[in-house]
Amino acid sequence: MGNVEKALSITDYFHSLPSSKYLIVAIVLLGIIFGILIDVQTYSGLNILTNGFIDGILLVALPSLLTATVIKIMLRKMFFRRILVTALAGEIIYAITYLAGFFVSKYDAIYGQIIIIIGAALVFVLWYAIAKLIFILKFRSFLFAVLQLFFHLMFFINFSRNSFSSDLGGYLFRFYFAAFLLLLGLYIFFMIVNAPMRRSFGINSTDAFSLIVAQWLYKDNNMEKTMDNLGENVKTLISVYSFQRENDKVLFVSPYVHFGPFGNLGGSEFSYLLSDKLSKEYNATTFVFHPTVTHDLNPVAATEIEKILKMCKEILGQAKYEKTNVSLAIGKQKECSAEALCFDNNAFISLTRAPLVTEDVHFGLGLAMIQQAQAIYKEATVVDQHNAETGEVVSFEAGSEIGFNYMGAVDEAINKKLEKSELEIGVSQTSVTFNEFGKAGIKVAIISTKPKYVMIWLDSNGITPEFREKIIKEMESIGKHMKEKWHAAVFTTDTHQANVVKGVLNPAKESVELLHTIKELTLKANKDISKAKFYADKKWIDIKVIGAKQSIELVSTVNAVVAVAKIVAPIVLLTSVVILYLIFIKFRL
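Just so it is clear, the structure is predicted and the values come from calculations on it, not from any experiment.

Asker: Where do I start with the overall build of the chain in this structure?
Answerer: In terms of regular secondary structure, the chain is built from 16 helices and 17 strands. Dimensions of the chain, computed from the C-alpha atoms along their principal axes, are close to 95 × 50 × 45 Å. Within the span of the chain, comprising 589 residues, buried residues form 56% of the whole. Carbon and sulfur atoms make up 60% of the accessible area of the chain, which totals about 25700 Å². Both charge centroids of the chain, one from 58 positive and one from 53 negative side chains, sit 4 Å from each other.

Asker: Just checking my understanding: could you explain a nonpolar patch on the surface for this structure?
Answerer: Together, L184, I188, M191 and I192 give the surface a local cluster of nonpolar side chains, amounting to about 360 Å² of exposed area. Mapped onto the elements, L184 comes out in helix 7 (residues 168-201).

Asker: For this particular structure, what's the right way to read the pattern of salt bridges?
Answerer: Close approach of charged atoms lets side chains of opposite charge pair. For the structure on display, the rule yields 18 salt bridges. Ionic pairing is found between E304 and K307, a salt bridge with its closest N-O pair at 2.8 Å. Residue K307 is classed as partly exposed on the basis of its relative accessible area of 35%. For the salt bridge of E401 with K334, the shortest nitrogen-to-oxygen distance reads 3.4 Å. In this pair, E401 is assigned in helix 13 (residues 401-414) and K334 in the loop between strand 5 (325-333) and strand 6 (336-343), connecting sequence segments 67 residues apart. A relative accessible area of 56% means that E401 is categorised as exposed.

Asker: Mind showing me how you'd approach the packing of aromatic side chains here?
Answerer: Aromatic rings in a pair are described by how distant their centres are and how their planes are angled relative to each other. Enumeration according to the criterion identifies 35 aromatic pairs in this entry. Seen from their ring centres, F252 and F348 are 5.5 Å apart, and the 50 degrees between their planes marks the pair as tilted. With F252 in strand 2 (residues 249-255) and F348 in strand 7 (residues 346-352), this residue pair connects regions lying 96 residues apart in the sequence. Taking relative accessible area as the criterion, F252 reaches 0% and is therefore assigned buried. Taking the centre distance of 6.1 Å and the plane angle of 65 degrees together, the rings of F396 and Y406 count as edge-to-face. Here the residue F396 occupies a position in strand 10 (residues 395-396), and Y406 occupies one in helix 13, the gap between them amounting to ten residues. Judged by relative accessible area, which is 5%, F396 ranks as buried. A residue is classified by how much of its surface remains accessible, and Y406, at 0% relative accessible area, is buried. Each residue in the set Y241, F243, F252, F287, F289, F343, F348, W457, F491 and F534 is aromatic and connected to the rest through ring pairs, giving one cluster. The lysine or arginine in question, K443, covers the ring of W457, its NZ or CZ lying 5.1 Å from the ring centre.

Asker: How should I be thinking about the sheet that holds strand 5 in this particular structure?
Answerer: Two modes of strand pairing occur in sheets, parallel and antiparallel, and in both the strands are linked by backbone hydrogen bonds. Here we have five strands laid out as an open sheet, ordered 9-7-6-5-11, and mixed in their pairing. A strand with exactly one partner marks an edge of an open sheet, and here the two such strands are strand 9 (379-384) and strand 11 (421-422). In this sheet, strand 11 lies alongside strand 5 in antiparallel orientation, the contact comprising two bridges. Residue pairing in the sheet places V326 in a bridge with S421 of strand 11. Contacts from helix 13 reach strand 5, strand 6 and strand 7, with the element oriented near 145 degrees to strand 5.

Scoring rules and cut-offs
Residues numbered from 1 in each chain as written. Predicted model: local features only at pLDDT ≥ 70, side-chain atom pairs only at ≥ 80, totals over all residues. Heavy atoms only, no water. Helix = DSSP H or I, 4+ residues; strand = E, 2+ residues; numbered from the N terminus. Buried < 20%, exposed > 50% of the residue type's maximum accessible area, 1.4 Å probe, protein only. Areas by Shrake-Rupley, 256 points an atom, 1.4 Å probe, with all protein chains shown as cover. Lys, Arg positive; Asp, Glu negative; His and termini not counted. Charge placed at Lys NZ, Arg CZ, Asp CG, Glu CD. Patch = residues over 30% accessible without salt bridge, like charges linked within 9 Å, V, L, I, M, F, W, Y side chains within 5 Å. Salt bridge = Lys/Arg side-chain N within 4 Å of Asp/Glu carboxyl O. Phe/Tyr/Trp six-rings, centres within 6.5 Å; stacked < 30°, edge-to-face > 60°. Lys NZ or Arg CZ within 6 Å of the ring centre and 35° of its normal. Pairing = 2+ DSSP bridges. Contact = heavy atoms within 4.5 Å. Axes fitted to C-alpha atoms, helices over the stretch in contact; angles between N-to-C directions.

Here it is as structure tokens:
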């Protein structure tokens, strides 16, 4: 596994949670099972069930539910299931340690008591850590941890058969002393894991984690402030291919930035925002493409879109539309393909390796291919179809074998003899509710090349190669039914809007409903075909992005933090527990 894959694998621990009712049922069932286990040697027959039910509810389930309810009242905007799953995790730890302490106490009461106290202290630390790092509560995290321990303690005092102190003060001292000692161990752990990130970027690892969680769960964009401090100013390209029809426009916009990192941070929503704003202002159907860029060119803030919009408006403001012929040229070298839509002296070139992984292409390699094409054409734009998500996390760099294969495919495409047609274009679009899609939905463009070029555009984080192949076959079948030859291509924006739950790979997958929608849009676009005049231009802009150096250093630092945490966490935990045990034994607490 490479460095990037290791860093991104952290997101595999993000999962969607069950509904609140299932979590409540789980808490109650766990309590009942716990009660039966502690009563199995004391009662027989139905008494095991009745007494086990009562003991389990009172000792572990009820204090957990009471804690969750009180915290929900205090945090009305918090999803109840997030509080409940924390309560369930705490209940599991407390139940296991209580059972261990219960059975050990039959042989040695002191050791049994210590195990139960340590279990309660571990739940205290769990609540504190989750409230601080995931619920993003700076001070109330401590209050909630204290509160839940108090509830467990009160039910323990009143209903446990393992009482070992004659007064409330004795219970309070033992339980909270243990909790605060383990909390000290947690702070030592934080201090150690914070060091690499603080040294490299001036921010604690725990704060960075909280910022990521705040974005992932609450759409909070405070992380952009940190990204802005870390970012650097660069020059990049904006390409606009504009088609003027009788009553509207069609825009092909290629901003050479990456649509990430995730959620609504940085450029994650640019494929939608650019499409939406330009379409409204110019009465246009706007296709925003994934250019030849990698995560190095993730904008530091969503506000950077204003620079792109300003340049798009400048390009369109000086547009002089002309009648144009169009042709299609396809080049291949080994597994790499380049599809060139040639509008007289302008070329729009798209790249794919499908069904092999078709991932980000480095900006430098993209610039090399643009210069390669502009040796023949006045203007050229090169984009990534990004249409084969196989699970590999890679990018294609200048000087690599794949990079040369792409250049070879481009060279073949731009040097082919072309069969020209008068430019006509038809479009259609719709929004969709599939989880893998961004807000820009699905769009289809059909261009009057020979064969007709059918562009299926998905605002998604890639697409599986199997589904891409099925779409293409369906499009070609529609063409045959109409007694026309069609060449279909699937493009995705690689939008990172969809990357908000588990993992960072959320491609469009095969769906009967989705395929039906694409077929309907294709038929609609074919009926919409009409003559168009054409204009294209490409300009440089200044924009602030994460940057290559910071991206590499960030990946390395995240891996270092994870590696340190995996070693330090068990050591600190074990050391804290051993120290706590020795203190209790030494001072007979």
